[in-house]
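Spelled out from the first residue to the last, the chains are:
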Amino acid sequence: MTVSGYVASLGVASAPKNPIVITFDDGGAETMNALRRLAEWGLTATVFVTSSRVGDPGYFHRADLHRIRGLGIEIGGSGHTGRPLNELARADVIAELTLSRRRLAVATGDEPRTFAYPGGGYDLSVRQLVISAGYSSACAVRDVLSHPADDRFALARLTVDATTPDSRLLAWLEGVGRTEPHPVLPRDRAFRFPRVARSSGPFRPRLGRSEPRLPGPAVPSPAVPSPAVGAGPDAGGRQVPTDLAQHCAHDTERTAHQGTDGRVSPAAARTAETAFPLNP
């Protein structure tokens, strides 16, 4: 399932009993090859795109995004520049979310409905801003199995990379692993998600779960792909608004105020802050 499809199925009686969600964080030619293979096998996925990189050498071009949608693959947002949002000021977070959603809407003809926190970094303030930006779900990392009671704005994912043993992946697909309650994250900007190397040693399944295992199929186990296709170890149906052409013109004006380091200027951030109402 796609991330949005999975979230929409939660609590529905007819929901699949053993859903698998495959996600890709960023990508280029290798990601396109992987997506084509999935489509050939009748599978779908969600790929999260950093909007400022669209058109860069080795990254997705606009034509690629249309091909991805044609394969039945969902496109989600992952910020405008890909900087970890929990390390930015509030105005910069708003600019990242606004520019990302609008530019992907212009590029694909549809607004993205799901989001992946760049670098896996988020806190309660960032989570609320993602909700206010209009997303219906968001993916974290957390490296534990997801479950139906998971926070839909911090969905757990498991990292799958080139060093992941087949035995570990097969166990995850059978629902063997652990879950944990959604962590309560501080609002402190000093809070970070450090990038740590994954061990490639022998797999020892941890069978503890936050809830008793019920009879029947395993809990869903979203996964993140290999860094070879653009995902770091910590790296997810509405129509485009009619005034999107005006939004695009405003985005172009804001882009002119960006520095060479990719940071959004205070003036651009103030402009973007008016783009959507914030919940109290």
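That block above? That's the structure.
Reading the values: the criteria
- Residues numbered from 1 in each chain as written.
- Predicted model: local features only at pLDDT ≥ 70, side-chain atom pairs only at ≥ 80, totals over all residues.
- Heavy atoms only, no water.
- Salt bridge = Lys/Arg side-chain N within 4 Å of Asp/Glu carboxyl O.
- Helix = DSSP H or I, 4+ residues; strand = E, 2+ residues; numbered from the N terminus.
- Buried < 20%, exposed > 50% of the residue type's maximum accessible area, 1.4 Å probe, protein only.
- Core = buried A, V, L, I, M, F, W, Y, C linked by side-chain atoms within 4.5 Å.
- Contact = heavy atoms within 4.5 Å.
- Phe/Tyr/Trp six-rings, centres within 6.5 Å; stacked < 30°, edge-to-face > 60°.
- Lys NZ or Arg CZ within 6 Å of the ring centre and 35° of its normal.

J.: Help me understand the pattern of salt bridges, please; the structure alone is not making it clear to me.
T.: Note on pairing: side chains with opposite charge can pair once their charged atoms come close. For the coordinates displayed, the defined rule picks out 8 salt bridges. Salt-bridge contacts for D110 lead to R69; the nearest nitrogen and oxygen are separated by 3.9 Å. Residue D110 is found in the loop between helix 4 (90–108) and strand 4 (114–116), and its partner R69 is found in helix 3 (residues 62–70); the two are separated by 41 residues along the sequence. Between R142 and D150 there is a salt bridge, with its nearest N and O atoms 3.0 Å apart. Summarising the burial analysis for this pair, R142 and D150 share the class buried.

J.: Explanation requested: the nonpolar core in the structure shown.
T.: Where a protein is soluble and globular, its nonpolar side chains tend to be buried together. L85, L97, F115, Y117 and V130 are the most contacted members of the largest nonpolar core, which totals 17 residues. For this core, the elements supplying multiple residues, two or more each, are helix 4, helix 5 (124–132) and strand 5 (137–142). With residues near it in sequence (within four places) discarded, L97 still touches L85, F115, L129, V130, A133 and Y135. In terms of nonpolar packing, the next biggest core, distinct from the first, is built from 15 residues, L35, F60, L104 and A107 among them.

J.: In this structure, what is going on with the packing of aromatic side chains? I would like to understand it.
T.: Aromatic ring pairs: the centre-centre distance and the angle between the two ring planes describe each pair. By the definition in use, this model includes 4 aromatic pairs. Judged by centre distance (5.8 Å) and plane angle (80°), the ring pair of F115 and Y117 falls under edge-to-face. Exposure class is identical for F115 and Y117. Each is buried. When the ring of Y117 is compared with that of Y122, the centres are 4.7 Å apart and the planes differ by 20°; the resulting orientation is stacked. The class for Y117 is buried, based on a relative accessible area of 0%. Joined through ring pairs, the aromatic side chains of F115, Y117, Y122 and Y135 make up one cluster. The side chain of R101 reaches across the aromatic face of Y135, ending 5.0 Å from its centre.

From the geometry alone we can't say anything about function, so treat these as descriptive.
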